[in-house]
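Secondary and tertiary structure notes
If you want the building blocks of each chain, they are given just below.
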Amino acid sequence: MNGLRDLWGSRFGKYVAELQRYLQYVFTGHLAIVLLFSIGAAGYAYSEWLKDVPEGLPAAWIAAVLIAGAMAVATPVTLLKPADSVYLLPLEKELPVYTGRALTWTFFSKLPLPVLLFIVALPMLSAYGFGSRPLYGVLLAVIIAAEWLNVRTEFAFRKAEEGHGVWMDRTIRFAAGVLVLWGILAGSWLITAVAAAAFAAYYLFWTKRAGEKPFSYIHFIELEQNRMMGFYRFANYFTEVPHLKGTVSKRSWLGLFMPDANVERTDAQRFLLRRTFIRTDESFWLWLRLTLLAAGGVLFIPFPVVAFIFVGALAFASAIQTLQTLRGGDEFRMDMLFPHAEETRGREIFRLTERVQWIQAAAVTAAAFIPHGWSLTPLLMGAVALIVSEATIRLTGNEEKE
Amino acid sequence: MAILDLQDVTGGYTRKPVLRDVSFDIREGELIGLIGLNGAGKSTTIKHVIGLMNPQGGTIRINGVTFSEDPELYRKSFSYIPETPVLYEELTLREHLELTAMAYGIPQDIFEARSLELLKEFRMEKRLKWYPSHFSKGMRQKVMIMCAFLAEPSLYIIDEPFVGLDPLGIRSLLDQLTERTADGAAVLMSTHVLATAEKHCDRIILLHEGQVRAAGTMSDLRKAFGRPDASLDDLYIAMTEEAAHERLT
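Residues numbered from 1 in each chain as written. Chains lettered and ligands numbered in written order. Predicted model: local features only at pLDDT ≥ 70, side-chain atom pairs only at ≥ 80, totals over all residues. Heavy atoms only, no water.

Regarding its fold elements, chain B presents nine helices and nine strands. Once the C-alpha set of chain B is aligned to its principal axes, its extents read approximately 60 × 40 × 35 Å. Counting every position in chain B, which comprises 249 residues, the buried fraction comes to 54%. Taking the intrachain contacts of chain B between residues at least 6 apart in sequence as the baseline, contacts between residues at least 24 apart amount to 69%. On chain B, roughly 10900 Å² of surface is accessible, and the fraction owed to carbon and sulfur atoms is 50%. Distance between charge centroids for chain B: 4 Å, based on 28 positive and 36 negative side chains. (Helix = DSSP H or I, 4+ residues; strand = E, 2+ residues; numbered from the N terminus. Buried < 20%, exposed > 50% of the residue type's maximum accessible area, 1.4 Å probe, protein only. Contact = heavy atoms within 4.5 Å. Areas by Shrake-Rupley, 256 points an atom, 1.4 Å probe, with all protein chains shown as cover. Lys, Arg positive; Asp, Glu negative; His and termini not counted. Charge placed at Lys NZ, Arg CZ, Asp CG, Glu CD.)

As structure tokens, then:
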């Protein structure tokens, strides 16, 4: 049916445009630079490690577990929309035209990760004497076939069970995948054959079950919405994403920072912004991640100069993201009508960002005392975090005024 | 003195105005219904009154003050209930009430007493620690209504208040409005529920294509349209047909 084929084509075009639109921010953003440094450092450490690998490491198992784990999570990308539960309902018989294309895209979009892990694992496998060049070719072909099976099976399982128990399904596929890959690397072809046969039977079983059930629009639409929301949340770390509906958690364990209000003495914007920062997952987890990363950096980076740059870069990223998150929000909020001066909210955002960056600087200083002892270096590291944060807040504040 | 006074207000989103020379006033103790078709300019009028849009011409005064003269005093004089409830997903019901009390400078003891009364009236007293994600649309609307009434300003601006409310909620809202107007407050209410508007509003403003087509009590409107036994529904339909006829001729 042309209609559903065209529908997929048009949605896919828009989806790719949307991905490109946000990925350009991701690949040019300040966090990407931090990520690039981290990948470079990890690559260097791995290559150093390969020069003198420790004895007795179960390299085949490690490679099999990592690759099979990456393949087991095969969430289908359907690009379905809420209105489809109404408009596509009469077209259920023809729906495979649409879902077939969706699963092909899912397969190609998921394949790079296990292949990348395989490529990364190759020097390790070689260092431990596992396999040979022809065997690696077989392994690559098996990975491609297993990825295809994983994508198809997860879709069939979700259709049959409306997504209930999907982690059990993933665990079973993961176990089968590990045995297939390990069997090839270890030369245990019997284990590979048995595990592969079990995997194929498992796929056929769920395909048959799925064929007996109607298409669960609600489950797949919800899944798609959550998937896109995850992408928007990620992109929001780099730029403001208008579609984003921030998720909220109570975080009552941080009640100390959200004391009960005395309505006569508490400032309304301070009360609101504190809760917004602490309870909105996006702002809170981003700040916490960057703070832990900064503390981890001073603990493990052996060169103080690099550690100073690292701490400064993260203080900048964390201050700017906190400011942006607190300044963003809906087109209309009730506090826009509150009877207080226009600049009150801006001043409180500035103040709160300053406070959380002080906490980050304190965490960096405390962490730096562990490797550097009672010396000036930890205090200087804290000072770098403070100065960079303060400069970022003030310069961004001035930019906004202009 | 009128609590709300609009004089020749012209305004809109672009250079082409949605509102053209809109004038009306609301006095103490009055409940005024703002009636019109979709796109007639009701929400635009309200956005101008609450200060979210600046008029391209004319003046809007609340208690004799324009927004530019004293924004804080202007904002303190009214509370607003939007058509679609706008809540903070990160605040509980109690925190919404507290935030309103802080913003409007309500003393703690008065806040406790007023909020208790409102929570009972709208049957929400057991949901103080709930977050908006757990509320139905009607409950979200009740939170907005309670916050608006908590401030006890001299003017209430309410956009489509009955959407999503259950019959008990509608009755509670109307009771509250009657009580507030009896105490001297003024209410500007936009609605499509014409039977309720006819029954409860002191005066009606019929807005059509951004202009006030007719305004007054039900008896004034009946006289103006020459239909002594007409309901507000009949008058409303007559107004739109008349306007369509004017356009054709």
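To continue, consider a negative patch on the surface. There is a patch of like negative charges on the surface, built from B:E117, B:D175, B:E179 and B:D183. B:E179 sits in the partly exposed class, given a relative accessible area of 38%. (Patch = residues over 30% accessible without salt bridge, like charges linked within 9 Å, V, L, I, M, F, W, Y side chains within 5 Å. Salt bridge = Lys/Arg side-chain N within 4 Å of Asp/Glu carboxyl O.)

Another aspect to go through is the pattern of salt bridges. According to the stated counting rule, one finds 32 salt bridges over all chains in the structure shown. For A:E48, the salt bridge identified is with A:K51, shortest N-O distance 2.9 Å. Here A:E48 and its partner A:K51 are both found in helix α2 (residues 30–51), three residues apart, which amounts to about one turn of the helix. Accessibility expressed as a relative area gives 34% for A:E48, which makes it partly exposed. Take A:K51: its relative accessible area is 66%, and that puts it in the exposed class. In this structure, the salt-bridge partner of A:R279 is B:E95, at a minimum N-O distance of 2.6 Å. One end of the pair, A:R279, is in helix α11 (residues 268–279); the other, B:E95, is in helix α3 (residues 93–103), on a second chain. Both residues of the pair, A:R279 and B:E95, count as buried.

Residue and element names in this part refer to chain A. By the definition in use, this model includes 30 aromatic pairs over all chains. Look at F284 and W285: their rings are 5.2 Å apart centre to centre, the planes differ by 70°, and that puts the pair in the edge-to-face class. F284 gets classed as buried once you look at its relative accessible area, which sits at 5%. In this structure, R170 is placed above the aromatic ring of W167, and the distance from its NZ or CZ to the ring centre is 4.6 Å. (Phe/Tyr/Trp six-rings, centres within 6.5 Å; stacked < 30°, edge-to-face > 60°. Lys NZ or Arg CZ within 6 Å of the ring centre and 35° of its normal.)

Let us now look at the interface of chain B and chain A. The interface of chain B with chain A comprises 29 residues on the first partner and 25 residues on the second. Surface buried jointly by chain B and chain A totals about 2600 Å² across both partners, of which 67% is contributed by carbon and sulfur atoms. Together, B:R75, B:E90 and B:M102 form the three largest contributors to the area buried by chain B at its contact with chain A, with a combined 26%. Here chain B is connected to chain A by two salt bridges. Inspection of the chain B/chain A interface yields nine residue pairs in polar contact (both at pLDDT 80 or more). Only α2 (71–76), β5 (78–81), α3 and α4 (108–121) of chain B provide two or more residues apiece to the side of chain B that touches chain A. The greatest single-element share of the side of chain B that touches chain A, amounting to six residues, is contributed by α3(B). (Buried area = accessible area lost by both parts, 1.4 Å probe. Polar contact = N/O pair within 3.5 Å; in protein donor to acceptor, adjacent residues only side chain to side chain.)

Packed helices, taken two at a time, are described by the angle between their axes plus the distance between the axes. All names here are of chain A. Where helix α13 (residues 304–327) contacts helix α14 (residues 344–372), the axes come no closer than 10 Å and their chain directions differ by 155°. The orientation of α13 with respect to α14, classified from their angle, is roughly antiparallel. Regarding α13 and α14, the two cross each other, and that crossing is right-handed. Here P304, V311, L314, A315, S318, A319, T322, L323, L326 and R327 of α13 come into contact with α14, specifically with R345, I349, L352, T353, V356, Q357, Q360, V364 and H372. Class assignment of the residues belonging to the contact of α13 with α14 gives a composition of 11 nonpolar, six polar and two charged. (Axes fitted to C-alpha atoms, helices over the stretch in contact; angles between N-to-C directions. Parallel < 35°, antiparallel > 145°, perpendicular 65-115°, else oblique. Left-handed = near helix turned anticlockwise from the far one by under 90°. Nonpolar A, V, L, I, M, F, W, Y, C, P; charged D, E, K, R; others polar.)

What follows is about the sheet that holds strand β1 (residues 4–11) of chain B. Strand pairing in a sheet takes place through backbone hydrogen bonds and is either antiparallel or parallel in direction. Residues and elements named next belong to chain B. Sheet architecture is open: three strands sit in the order β2-β1-β4, paired in antiparallel fashion. In this open sheet, the two edge strands, each paired with only one partner strand, are β2 (19–26) and β4 (57–62). In this sheet, neighbouring strand axes are inclined to one another by 15° on average, regardless of whether the strands run parallel or antiparallel. Taken together, the five bridges between β1 and β2 define a ladder with antiparallel strand orientation. Within β2, the residue paired with G11 across the bridge is L19. (Pairing = 2+ DSSP bridges.)

Let us now look at the environment of A:V263. By secondary structure assignment, the location of A:V263 is in the loop between α10 (217–236) and α11. Residue classification places A:V263 among the buried residues on the basis of a relative accessible area of 2%. Sequence separation of A:V263 and A:L380 is 117 residues, and the distance between their C-alpha atoms is 41 Å. Apart from the residues lying within four places of it in its own chain, the contact partners of A:V263 are B:E98, B:A101, B:M102, B:I106, B:P107, B:Q108 and B:F111.

With that out of the way, let us pick up the side chain of A:T99. Residue position: A:T99 is located in helix α5 (residues 95–110). Discounting residues that sit within four places of it in the chain, A:T99 has contacts with A:F155 and A:F215.

Counting residues in each nonpolar core, the largest one holds 89 residues, and the members touching the most others are B:L4, B:F78, B:M124, B:L177, B:I204 and B:L206. For this core, the element with the highest residue contribution is helix α5 (residues 137–151) of chain B, accounting for 10 residues. Those residues within four positions of B:I204 in sequence are excluded, and the remaining contacts are B:G33, B:I35, B:A197, B:A214, B:A215, B:G216, B:M218, B:L221 and B:L232. Judged by nonpolar contacts, the second largest core, of 29 residues, contains A:Y15, A:A74, A:F220 and A:M229. (Core = buried A, V, L, I, M, F, W, Y, C linked by side-chain atoms within 4.5 Å.)

Considering every residue of chain B, the mean pLDDT works out to 90; 97% of them sit at 70 or more. Averaged pLDDT values for the elements of chain B fall to 75 in helix α9 (residues 232–248) of chain B and rise to 95 in strand β7 (residues 186–190) of chain B. (pLDDT = per-residue confidence, 0-100.)

Tracing the backbone through its elements, the reader meets A:T291 in helix α12 (residues 281–300). Here A:T291 is in contact with A:Q360 and A:A363, once residues within four sequence places are set aside.

All names here are of chain A. Among the secondary structure elements, F215 is positioned in the loop between α9 (189–212) and α10. Taking the C-alpha atoms as reference, F215 lies 9.8 Å from S85; in sequence the two are 130 residues apart. Excluding its chain neighbours within four sequence positions, the residues that come into contact with F215 are L80, E92, L95, T99, F155, K159 and F220.

On to empty space enclosed by the protein. For the structure shown, the criterion picks out one cavity of 30 Å³ or more. Computed from the structure, the largest cavity encloses a volume of approximately 190 Å³. Lining of the largest cavity is provided by 16 residues; of these, A:M334, A:F338, B:T100, B:M144 and B:C147 occupy positions nearest its centre. Secondary-structure elements contributing two or more residues to the lining of the largest cavity are β5, α3 and α5 of chain B. In the lining of the largest cavity, the residues fall into 13 nonpolar, three polar and no charged. (1 Å grid on protein atoms, 1.4 Å probe; cavity = no way out; pocket = protein on both sides within 12 Å on 5 of 7 lines; lining within 4 Å. Points joined across faces, edges and corners; volume = space filled by probe spheres on them.)

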